[in-house]
Amino acid sequence: MSRKRWYLLMNGLVAFWLVAASAIVIAHRFVPNGNWLMVHLLLLGAVSTAILIWSQHFADTLLRRAAPGGRVSHGIRLLGHTLGVATVVVGMMTAFWPLVLAGGILVGVVVLAHVVVLVLQSHGALPARFAPLVKYYVASGIALAVGVGIGIVMAHAQLPAEWHDRLYPAHLAFNLLGWVGLTVVGTLILLWPTVLHTRVSDAVDGVARRALLMMVRGLVIVGTGSLLDVRVIFALGVLVYLAGVGFVAAEGVMQARRSTQWTFASWSMAAAFGWFVFCTIAFGVVVVTASDWGAAASGVGWLVGPFAAGFAAQVLLGALSYLLPVVLGGGPEASRRS
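Bear in mind the structure is a predicted one, so any value in this text is a computation, not a measurement.

## Structural notes on a nonpolar patch on the surface
For step 1, the next point in the chain: Together, Leu-227, Leu-228, Val-230, Val-232 and Val-288 give the surface a local cluster of nonpolar side chains, amounting to about 450 Å² of exposed area.
For step 2, the next point in the chain: Within the element layout of this structure, Val-232 appears in helix α8 (residues 231-257).

In structure tokens:
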């Protein structure tokens, strides 16, 4: 199969989940768990599928080495993820927890297999300046496995309400800040200056290392705060995470000031990043100022919409509007049409 046909086929899965999410947005009042479906068809369906596709693409490019199993392994992982998400969706719509459990386990196995492939691909790869960015994808995959595990527990009908409220912010943190956030930040470190047609400074390597360390530490502190039942620790973790994001944001602003190449892709990614920072700040503030975990869980609920639509959907469309024409090829005119 040609490179062009491969990427069209694989990104057809992203389009499928986007269409499904759009349909639920229109009809969610008449569908069981409609609000849950709107968010998860976008994030667990479209966005996660895009992450599995493009993180492998960037790993291949940055490491200059083919992944173990090649396209066959990649296709199997994408198929497994699609089946897992579909099973979770059916389980939630029918309120049948064993289906949620089975689908969640399949999604978790797929993402951990993705992590293993990236780690094996990294070992023995030729030295390359931006190869360490693959560590962002490894860390984000581990975060999703944790987030999915929390989600499976939360979906059980017999889970006490106080535990559900306490786990909900952690579920959001590991899925949105971990899986999506780490992937997006790691990708934008290289993609942002590429889209802007500006030079990558010599400081980027150090910025990338410091940012990853702070963001991962922040997620660990967030998880610790949830386990210890201490919201202040949870909020501290969000603050540490934000400090890591700040390193990348500062470098990105300097690159933007040097560029005159502003397109739909660059405006979309800039706006999405702004929503991401705003929502993350609001996330920590809501949790630390709430009277208890129940108030925190209900308080952060309104942030899911801006996180999903303002950040995740917008960065997905912006990035794909740049990446798809590049991989499909055909010259400048074909890229503009794409």
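## Details of the nonpolar core
For step 1, the next point in the chain: Membership of the largest hydrophobic core comes to 113 residues, with the highest contact counts inside it found for Tyr-136, Phe-234, Phe-276 and Phe-283.
For step 2, the next point in the chain: By residue number, the principal contributor to this core is helix α6 (residues 161-196), which donates 20 residues.
For step 3, the next point in the chain: Residues within four places of Phe-276 in sequence aside, it is in contact with Leu-177, Gly-181, Val-185, Tyr-241, Val-245, Phe-307 and Phe-311.

## Section: the packing of helix α4 (residues 97-122) against helix α5 (residues 134-155)
For step 1, the next point in the chain: The N-to-C vectors of α4 and α5 enclose an angle of 165°; their axes lie 9 Å apart at closest approach. When the axes of α4 and α5 are compared, the pair comes out roughly antiparallel. Between α4 and α5 lies a crossing whose hand is left-handed. Two secondary-structure elements touch here, α4 through Trp-97, Val-100, Leu-101, Gly-104, Ile-105, Val-107, Val-111, Leu-112, Val-115, Leu-118, Val-119 and Ser-122 and α5 through Val-134, Tyr-137, Val-138, Gly-141, Ile-142, Leu-144, Ala-145, Val-148, Ile-152 and Ala-155.

## Concerning the layout of surface pockets
For step 1, the next point in the chain: Looking at the largest pocket, its volume works out to about 850 Å³.
For step 2, the next point in the chain: For the largest pocket, the lining is made up of 37 residues, of which Trp-36, Val-39, His-40, Leu-43 and His-171 are closest to its centre.
For step 3, the next point in the chain: Mapped by element, the contributors of at least two residues to the lining of the largest pocket are α1 (3-27), α2 (34-63), α3 (70-94), α4, α5, α6 and α11 (304-328).
For step 4, the next point in the chain: At nine residues, α2 tops the list of elements feeding residues into the lining of the largest pocket.
For step 5, the next point in the chain: When grouped by side-chain class, the residues that make up the lining of the largest pocket number 26 nonpolar, 11 polar and no charged.
For step 6, the next point in the chain: Each pocket or cavity is described by its volume, and for the second largest pocket that value is around 280 Å³.
For step 7, the next point in the chain: Looking at the second largest pocket, it is lined by 17 residues, and the ones nearest its centre are Trp-192, Ala-249, Gly-252, Val-253 and Phe-273.
For step 8, the next point in the chain: When residues of the lining of the second largest pocket are traced back to their parent elements, those giving at least two are α6, α7 (204-228), α8 and α9 (264-289).
For step 9, the next point in the chain: The biggest single contributor to the lining of the second largest pocket is α8, with seven residues.

## Remarks on the packing of aromatic side chains
For step 1, the next point in the chain: Scanning the entire structure with this criterion turns up nine aromatic pairs.
For step 2, the next point in the chain: With centroids separated by 6.3 Å and ring planes inclined at 80°, the aromatic side chains of Tyr-241 and Phe-276 adopt a geometry described as edge-to-face. You can see Tyr-241 sitting in helix α8 and its partner Phe-276 sitting in helix α9, a full 35 residues away along the chain. In this structure, Tyr-241 and Phe-276 share a single accessibility class: buried.
For step 3, the next point in the chain: Each member of the aromatic cluster is reached from another via a ring pair, and the members are Tyr-241, Phe-273, Phe-276 and Phe-311.
For step 4, the next point in the chain: Stacked on the ring of Phe-247, the Lys or Arg Arg-210 has its end atom at 5.4 Å from the ring centre.

Cut-offs applied
- Residues numbered from 1 in each chain as written.
- Predicted model: local features only at pLDDT ≥ 70, side-chain atom pairs only at ≥ 80, totals over all residues.
- Heavy atoms only, no water.
- Patch = residues over 30% accessible without salt bridge, like charges linked within 9 Å, V, L, I, M, F, W, Y side chains within 5 Å.
- Areas by Shrake-Rupley, 256 points an atom, 1.4 Å probe, with all protein chains shown as cover.
- Salt bridge = Lys/Arg side-chain N within 4 Å of Asp/Glu carboxyl O.
- Helix = DSSP H or I, 4+ residues; strand = E, 2+ residues; numbered from the N terminus.
- Core = buried A, V, L, I, M, F, W, Y, C linked by side-chain atoms within 4.5 Å.
- Buried < 20%, exposed > 50% of the residue type's maximum accessible area, 1.4 Å probe, protein only.
- Contact = heavy atoms within 4.5 Å.
- Axes fitted to C-alpha atoms, helices over the stretch in contact; angles between N-to-C directions.
- Parallel < 35°, antiparallel > 145°, perpendicular 65-115°, else oblique.
- Left-handed = near helix turned anticlockwise from the far one by under 90°.
- 1 Å grid on protein atoms, 1.4 Å probe; cavity = no way out; pocket = protein on both sides within 12 Å on 5 of 7 lines; lining within 4 Å.
- Points joined across faces, edges and corners; volume = space filled by probe spheres on them.
- Nonpolar A, V, L, I, M, F, W, Y, C, P; charged D, E, K, R; others polar.
- Phe/Tyr/Trp six-rings, centres within 6.5 Å; stacked < 30°, edge-to-face > 60°.
- Lys NZ or Arg CZ within 6 Å of the ring centre and 35° of its normal.

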